[in-house]
Amino acid sequence: MILVLNKNVSVDQKEQLKKTLKNHGYIVKEIQGVDETIIGVVGQIKEDMRYFETLPGVSKVLPVSKPYKLVSRDLHPEPSKIRIGDVVIGGDRLVVIAGPCSVENRATTLEIARRVKQSGAVLFRGGAFKPRTSPYSFQGLGEEGLKILSEVREETGMGIVTEITSPAQADLMMKYVDVVQVGARNMQNFELLRCVGRLGKPVLLKRGLAATIEEWLMAAEYILSEGNDKVILCERGIRTFERYTRNTLDLTAVPVIKKLTHLPVIVDPSHATGIRDKVLPMARAAVAAGADGIMVEVHTEPERALSDGPQSLYPEQFEQLMRDLHVIAPVVGKQVDFDYLPKAKYFAASTPSDATLVVYAGVPGSFSYKAALQYFGESAPMENVATFRQVFESVATGKARWGIIPLENSLTGSIHTNYDLLMEYNLFIAGELTLRVVHSLIGYEGTNIEDIKIVYSHPQVFEQCAEFLSQHPEWDLVACKDTATAVTRVQERGDRSRAAIASAEAARLFGMTTIKEGIETHPQNFTRFVVITKEPLQNGPKDKSSIIFSVSDRPGALYEVLKVLAENQINMVKLESRPIHGKPWEYMFYADLEVDLDREDMKHIMKEISERTEFFRYIGSYRQGSRVVS
Ligand code: PEP
Ligand code: MN
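Everything numeric here is computed off the predicted structure, so don't read it as measured data.

**Q** Where do I start with the site of ligand 1 in this structure?
**A** In the vicinity of ligand 1, the contacting residues are Arg 125, Lys 130, Glu 163, Gln 181, Gly 183, Ala 184, Arg 185, Lys 206, Arg 236, His 271 and Glu 297. Gln 181 is positioned such that a nitrogen or oxygen atom in its side chain is 2.9 Å from an oxygen atom of ligand 1. In this structure, an oxygen atom belonging to ligand 1 sits 2.9 Å away from a side-chain N or O atom of Lys 206. Contact with the protein chains hides 97% of the accessible area of ligand 1, taken as 290 Å² for the molecule alone. Within the shell around ligand 1, the residues separate by chemical class into one nonpolar, three polar and seven charged.

Structural data, given as C-alpha cells:
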C-alpha cells in the first residue's frame, strides 16, 4: 500500500507516522518524489484502508494491486543502482560479467580472468558449488574454488560472482564473494532466498527454468523483505518445447521487467542458448533490448572444460563481442567503458579529497551531465556550472580535477566556443566519449502538438532538429543554457502552450511528458565530448593526440606540416581552423591525430611539426572513444 503524504507534511509528522507504522509490524519505505513524498507500507495489511487515511500527514491511500510490493516500480519509481566495489549495475555504463562455468583449477581460472579483464569485463563469474543435473558430474571445488576466486579479485580488481547452493555456505560467501548468485534451479528455494536476504550482499537472482516473471519477482520480494534491496535479476532462458537450443531466451522479459520493477536486469545468453555460436547474437540483442549488463561464460580451452564447454566462448570471441557491444550501447543510451576499473582506481588516487572531481556545464538531466556520468561513473563527486568558460576556469584554478565539454556534433559540426577556450586556457585533453543524442519534444501531460506556441532549448539543439521544426514555422524558439534548463522553464510555467526539446530522461527527471521522441534530423546524431585537465595524462593506453598550431602566410606552409604526418604514417582524423582573435584572416589549426605523441619514439614528430609552425601547442594524448585498443 502507498501513502501519499500532504505536500506540507512536517518532518516530525513524517517520523511519527513511520514509527506508528513500524510499531504495527510493517516494512516502511520512504520515497521522495519530485513534488511529493510517498511512504510504502508492506506486510500483511490488517487494518481497514480508512485507518491509514486518518493518520496525520496522509493525503491519499493507494493500494498496490500487484503481489510484489518492495520490488515494484510503484513503490520505487527510480531505477535502482547496485554498487559492487567500483562497479554500478543499473547505471549508464554496461556491466559485463564473464568467466568460466566452474572454477576448475588455479592456473586456468587466472588465465581466463586476465583475458576477460583485458577485453573489458568488470566482474568475474565462476562456480565453486555447482548444481549439476547428474550427481556424477563435476560438483565444483568448494572452498578451494572460492580461494582461487579471491585470488582473481586480488590480481585483477574484478569483483567475484559465484553461486550459493545451500544456506550452509553463507559464512563462506561472506568471506570470499562480492555477488551471491542464486541459480535457476534454486529460484524458489525460499529458505535460500531468505538466507541471501539476510547476508546483505548483492544478489544475482536467476530466473527459474519454468518461472513466470511474476514468480521471479516474488522470489526477489523474499530477498528484499529480509532487508536486502541489492538484487540484480538475470534472465537466462526458460524451458519451452523448442529443443534446438538449450533453453529459449525470453528477451521480452527485459522491457517487461524494466516496467514492473526498479531492479536492474541482466541477461545470460550462455545458459539461455547452450551453443557457443548463438551466444554472440543473443548478447548483442540483449544490450539492444535495454539490459543493464550481460553475463557470459568464457573458457580458454572450452573443449576441455569440466562443465558447459559447448556454450563457453573463446577469449577471442569474447573480445569481439565487447567490441560489438561498444558500438551498440550508445544507441540505447549506454556505454561500454574499457577503462572502467583502471579509471576508478586512477581517479581515486589522483584526486585531492577536498577538490570536486568533475565539473560540467548545465544541470542534471542535460547531455553534459549524462556524458559526465558515463565517463566518470555514478560515484564521482560532480559539480555543475552555468557556462563552458566556467568549466575551463574551475579546472585551471584547481577547483575541479576534471572538466567535460562537448567539442563537436555529427549533424551540426564543431562547438566553436570550446575550440576557442581550448586555445585560451593551458589545459590538456585526457579522454573522450561519444554520446548518441536523441531529442524529444517535452511538455505537460495532455499537451497537443497543435497547442504549442513557444519551444525552449539550446540553440545547437534547434539546429539538430531543424527538419522537424520546419514543419512548425509558427513556433517561437527560445534559447536556453542547456536542454535540462529548457525543461524547467516549461515546468515552472505550467501551461500547455509551451514545450522544450531535451532528452526523454530529462522529461522523466522533471516529471514531464514526452510528446514526441526522436525529432533530431538524422538518427545518427552523436556528440563528442572531451575530458580536460591541468596536466597531460601519464597513464596509457593512449592512441590519439590533439594539437593546435598556426603556420606562416606562405605557399605550402600547411602542406609542410601535413607532410610530417604523411611521412610518419599518421592518420589525421580531424582538422579544424578557427580565426585568430585580433588577427583578421589568420587562422589557428586544431588537429586530432591517431597516434600517442607522448610516446618516447614519437616525440620527434612534435619537434618536427613545431619547427614548421609559427605557433605550436600539444594538448594531450588519450584513448579514442570510438576505438578499442589493447
Ligand atoms: C551458472 O550460471 O553457472 C548456472 C548454473 O546457471 P543457471 O542457474 O542459470 O542454470
Ligand atoms: Mn554454466
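**Q** Is there a simple way to explain the coordination of the manganese ion (ligand 2) in this structure?
**A** Around a metal, the idealised angle for a tetrahedral arrangement of four donor atoms is 109.5 degrees; for an octahedral arrangement of six donor atoms it is 90 or 180 degrees. Around the manganese ion (ligand 2), the donor atoms from the protein are Cys 101 (SG), His 271 (NE2), Glu 297 (OE) and Asp 308 (OD), and they sit 2.0 to 2.4 Å away. Positions of the donor residues of the manganese ion (ligand 2), expressed as sequence spacing, correspond to C-x169-H-x25-E-x10-D. Pair noted here: Glu 297 is in strand β14 (residues 293-297) and Asp 308 is in the loop between β14 and α11 (315-328), with a separation of 11 residues, a long-range link. Judged by relative accessible area, which is 1%, Glu 297 ranks as buried. Residue Asp 308 is classed as buried on the basis of its relative accessible area of 19%.

**Q** Looking at this structure, how should I read the domain arrangement of the chain?
**A** By a widely used convention, the size of an interface equals the accessible area lost when the partners come together. Per the domain assignment, the segments making up the chain are domain 1 (2-62), domain 2 (98-332), domain 3 (340-436 + 527-622) and domain 4 (440-524). Between the C-alpha centres of domain 3 and domain 4 the distance comes to 31 Å. In this complex, domain 3 contributes 15 residues to the contact, which on the side of domain 4 involves 19 residues. In total, about 1200 Å² of surface goes out of reach between domain 3 and domain 4, with carbon and sulfur atoms giving 56% of it. Ranking the residues of domain 3 by area buried against domain 4 places Phe 367, Leu 411 and Thr 412 at the top, with a combined share of 37%. Across the salt bridge formed by Glu 505 and Lys 370, the nearest N and O atoms sit 3.0 Å from each other.

**Q** What's the story with the nonpolar core in this structure? I'm lost.
**A** The nonpolar side chains of a soluble globular protein tend to be buried, and buried together. Of all hydrophobic cores here, the largest spans 97 residues; its most connected members are Leu 205, Leu 233 and Phe 318. When sequence neighbours within four positions are dropped, the list of residues in contact with Leu 205 reads Val 182, Met 187, Leu 193, Trp 216, Ala 219, Ala 220, Ile 223, Val 231, Ile 232, Leu 233 and Cys 234. Ala 400, Tyr 419, Ile 532 and Tyr 590 belong to the second-largest nonpolar core, a separate cluster that totals 23 residues.

**Q** Looking at this structure, how should I read the sheet that holds strand β29 (residues 615-622)?
**A** Picture the strands of a sheet paired through backbone hydrogen bonds; they go either parallel or antiparallel. The sheet built from four strands is open, its strands ordered β27-β28-β26-β29 with antiparallel pairing. Whereas interior strands pair on both sides, the edge strands pair on one side only; in this sheet they are β27 (572-580) and β29. Strand-to-strand twist in this sheet, taken as the mean axis angle between neighbours without regard to direction, amounts to 15°. Of the strand pairs in this sheet, strand β26 (residues 544-550) and β29 are connected by six bridges, and their pairing is antiparallel. Bridging from a neighbouring strand, Phe 549 pairs with Phe 616 of β29. Contacts from helix α15 (residues 416-424) reach β26, β27, β28 (583-593) and β29 within the one sheet, and its direction differs from that of β27 by about 80°. With respect to the sheet, helix α20 (residues 557-567) is in contact with β26, β27 and β28, its orientation differing from that of β27 by roughly 155°.

**Q** Hey, could you run me through the sheet that holds strand β23 (residues 498-502) in this one?
**A** Read from one edge of the open sheet, five strands run β22-β21-β23-β20-β24, paired in mixed fashion. At either margin of the open sheet sits one strand with a lone partner, and together these are β22 (476-479) and β24 (513-517). In this sheet, adjacent strand axes meet at a mean angle of 30° when their direction is disregarded. When strand β21 (residues 454-457) meets β22, the two strands line up parallel, connected through four bridges. Paired with Tyr 456 across the bridge in β22 is Val 478. Across the sheet, helix α18 (residues 483-493) lies against β20 (440-443), β21, β22 and β23, angled at about 160° from β23, the strand it touches most.

**Q** Could you clarify how one ought to interpret helix α7 (residues 213-225) in this entry?
**A** Think of an α-helix as turning once every 3.6 residues; residues three or four places apart then point the same way. Taking 1.5 Å as the rise per residue, α7 with 13 residues should run 18 Å; its terminal C-alpha atoms sit 18 Å apart, in good agreement. For α7, the complete set of buried residues consists of Ile 213, Trp 216, Leu 217, Ala 219, Ala 220, Glu 221, Ile 223 and Leu 224. Considering only its buried residues, α7 is in contact with β3 (37-42), α6 (190-199), β11 (203-206), β12 (231-235), α8 (253-260) and β13 (265-267). Just past α7, the residue Gly 227 takes up positive phi, approximately 100°.

**Q** What exactly am I supposed to notice about unusual backbone geometry here?
**A** Note: most peptide bonds trans; most residues except glycine with negative phi. For Gln 569, which is not glycine, the phi torsion reads 55° and is therefore positive. Within the secondary structure, Gln 569 sits in the loop between α20 and β27.

About the criteria used
- Residues numbered from 1 in each chain as written.
- Chains lettered and ligands numbered in written order.
- Predicted model: local features only at pLDDT ≥ 70, side-chain atom pairs only at ≥ 80, totals over all residues.
- Heavy atoms only, no water.
- Near = heavy atom within 4 Å.
- Polar contact = N/O pair within 3.5 Å; in protein donor to acceptor, adjacent residues only side chain to side chain.
- Areas by Shrake-Rupley, 256 points an atom, 1.4 Å probe, with all protein chains shown as cover.
- Nonpolar A, V, L, I, M, F, W, Y, C, P; charged D, E, K, R; others polar.
- Donors = N, O, S within 2.8 Å, 3.2 Å for Na, K, Ca; no water.
- Helix = DSSP H or I, 4+ residues; strand = E, 2+ residues; numbered from the N terminus.
- Buried < 20%, exposed > 50% of the residue type's maximum accessible area, 1.4 Å probe, protein only.
- Domains from an automatic or database assignment.
- Contact = heavy atoms within 4.5 Å.
- Buried area = accessible area lost by both parts, 1.4 Å probe.
- Salt bridge = Lys/Arg side-chain N within 4 Å of Asp/Glu carboxyl O.
- Core = buried A, V, L, I, M, F, W, Y, C linked by side-chain atoms within 4.5 Å.
- Pairing = 2+ DSSP bridges.
- Axes fitted to C-alpha atoms, helices over the stretch in contact; angles between N-to-C directions.
- Expected span 1.5 Å × (residues − 1).

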